[in-house]
Amino acid sequence: MRPQRKDKQDFEGRFVRRLLRNIALALFIVLVAGPIATVLLYRFIPPPVTPLMVIRAIEGRGLDHRWRGIHKVAPALPRALIAAEDARFCEHHGFDFDALQKAYENNEAGKKIRGGSTISQQTAKNVFLWPGRSYVRKGLEAWFTVLIETLWGKQRIMEVYMNSIEFGSGIYGAQAASQRYFGVDADKLTPAQASRLAAILPSPLKWNAVKPGRYVAKRSQKIGKASGAVRRDGLADCVTD
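What this report covers is the structure whose coordinates are included nearby. Everything quoted here is computed from the prediction, not taken from an experiment.

Turning our eyes to something else, we now look at the pattern of salt bridges. Two side chains bearing opposite charge may form a pair once their charged atoms approach each other closely. Counted according to the given criterion, the structure contains 15 salt bridges. Residues arginine 61 and glutamate 59 are paired through a salt bridge, measuring 3.3 Å at the closest nitrogen-oxygen approach. Exposure remark for arginine 61: the relative accessible area of 36% places this residue in the partly exposed category. Accessibility expressed as a relative area gives 47% for glutamate 59, which makes it partly exposed. Taken together, the shared-partner salt bridges connect Arg56, Glu59, Arg61 and Glu166 into one network.

Within this structure, the stated rule accounts for six aromatic pairs. Ring geometry for tryptophan 207 versus tyrosine 215: centroids 5.3 Å apart, planes at 50°, classification tilted. Judged by its relative accessible area of 18%, tryptophan 207 falls in the buried class. Since its relative accessible area comes to 45%, tyrosine 215 is described here as partly exposed. In textbook terms, an aromatic cluster arises when at least three aromatic residues are bridged by ring pairs, as seen for Tyr42, Phe128, Phe144 and Trp152. The residue whose ring lies beneath lysine 154 is phenylalanine 89, and the NZ or CZ to ring-centre distance is 4.6 Å.

Right, let's talk about the packing of helix 5 (residues 119–128) against helix 6 (residues 135–151) for a bit. Helix packing geometry: the angle between the two helix axes and the distance between the axes. Look at helix 5 against helix 6: their axes get within 8 Å of each other, and the N-to-C directions meet at 110°. Taken together, the axis directions place helix 5 and helix 6 in an arrangement best described as roughly perpendicular. Along this stretch, helix 5 crosses helix 6, giving a crossing that reads as right-handed. Here Ser120, Gln121, Thr123, Ala124, Lys125 and Phe128 of helix 5 come into contact with helix 6, specifically with Arg137, Glu141, Phe144, Thr145, Ile148 and Glu149.

Let us look at the environment of lysine 222. Structurally, lysine 222 is set in helix 10 (residues 214–232). With a relative accessible area of 64%, lysine 222 lands in the exposed category. Taking the C-alpha atoms as reference points, lysine 222 and serine 195, 27 residues apart in sequence, are found 8.5 Å from one another.

For threonine 145, the location among the structural elements is in helix 6. Overall, the relative accessible area of 0% leaves threonine 145 in the buried class. What threonine 145 contacts, discounting residues up to four positions off in sequence, is Gly94, Phe95, Ser120, Gln121 and Ala124.

With that settled, the discussion passes to the nonpolar core. Core analysis: the biggest nonpolar cluster contains 49 residues, and Leu77, Phe128, Met158, Phe167, Tyr181 and Leu197 have the highest contact counts within it. Elements with a minimum of two residues in this core: helix 1 (3–44), helix 3 (76–85), helix 5, helix 6, helix 7 (154–164), helix 8 (174–182), helix 9 (191–199) and helix 10. Not counting chain neighbours up to four residues away, the residues in contact with leucine 197 comprise Leu77, Phe167, Ala177, Ser178, Tyr181, Phe182, Leu189 and Ala209.

Cut-offs applied
Residues numbered from 1 in each chain as written. Predicted model: local features only at pLDDT ≥ 70, side-chain atom pairs only at ≥ 80, totals over all residues. Heavy atoms only, no water. Salt bridge = Lys/Arg side-chain N within 4 Å of Asp/Glu carboxyl O. Buried < 20%, exposed > 50% of the residue type's maximum accessible area, 1.4 Å probe, protein only. Phe/Tyr/Trp six-rings, centres within 6.5 Å; stacked < 30°, edge-to-face > 60°. Lys NZ or Arg CZ within 6 Å of the ring centre and 35° of its normal. Axes fitted to C-alpha atoms, helices over the stretch in contact; angles between N-to-C directions. Helix = DSSP H or I, 4+ residues; strand = E, 2+ residues; numbered from the N terminus. Parallel < 35°, antiparallel > 145°, perpendicular 65-115°, else oblique. Left-handed = near helix turned anticlockwise from the far one by under 90°. Contact = heavy atoms within 4.5 Å. Core = buried A, V, L, I, M, F, W, Y, C linked by side-chain atoms within 4.5 Å.

Spelled out as structure tokens, the structure:
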């Protein structure tokens, strides 16, 4: 073999190995180190904005987001959210496989499509990811769910969830929603008002907590009754004092 050809092959081999190492390092930073560092940071400081907030602001919907610590939010709201979205929130470790199975069976039967996402999964999606239903996004959602369950704990997850969730056009978080819809701070929410806020979450851009239609009114009454059971059975004890 000629020396020049051997040198060229050696150079190409070193180049490929260096490229693979750089790709592996980049993937490690993007998929492992970066998410862990970000989740750890948000354990102690409020997430300033979320991808959805940015998207909606670009669409011209505005941005009203006021952070409110969990101890400055009426306990009625986390109870209503648990009653409406995730009754086993305090029991599971991020994923409710029973709910996922029921959602799958319901959807396969051709009934109205329902989701099986937990509050933890919704928080991971809202805070760290973009809207969508791709397998890549769902995989990242699962990874972030594991991270926040491990590094935050239930109370912090609920706190971030209540402060990041979309309650209407340009309205994010419990404080902004309480002020906009009812003219009170989040710690003054009544159980009925909390149930109204929880009731509009499936379609916050379509439904209104102040002037609910028949369906939302009926749904909020159902959530109100379920919230009583949540309080009685201690299903929100992991987030309320």
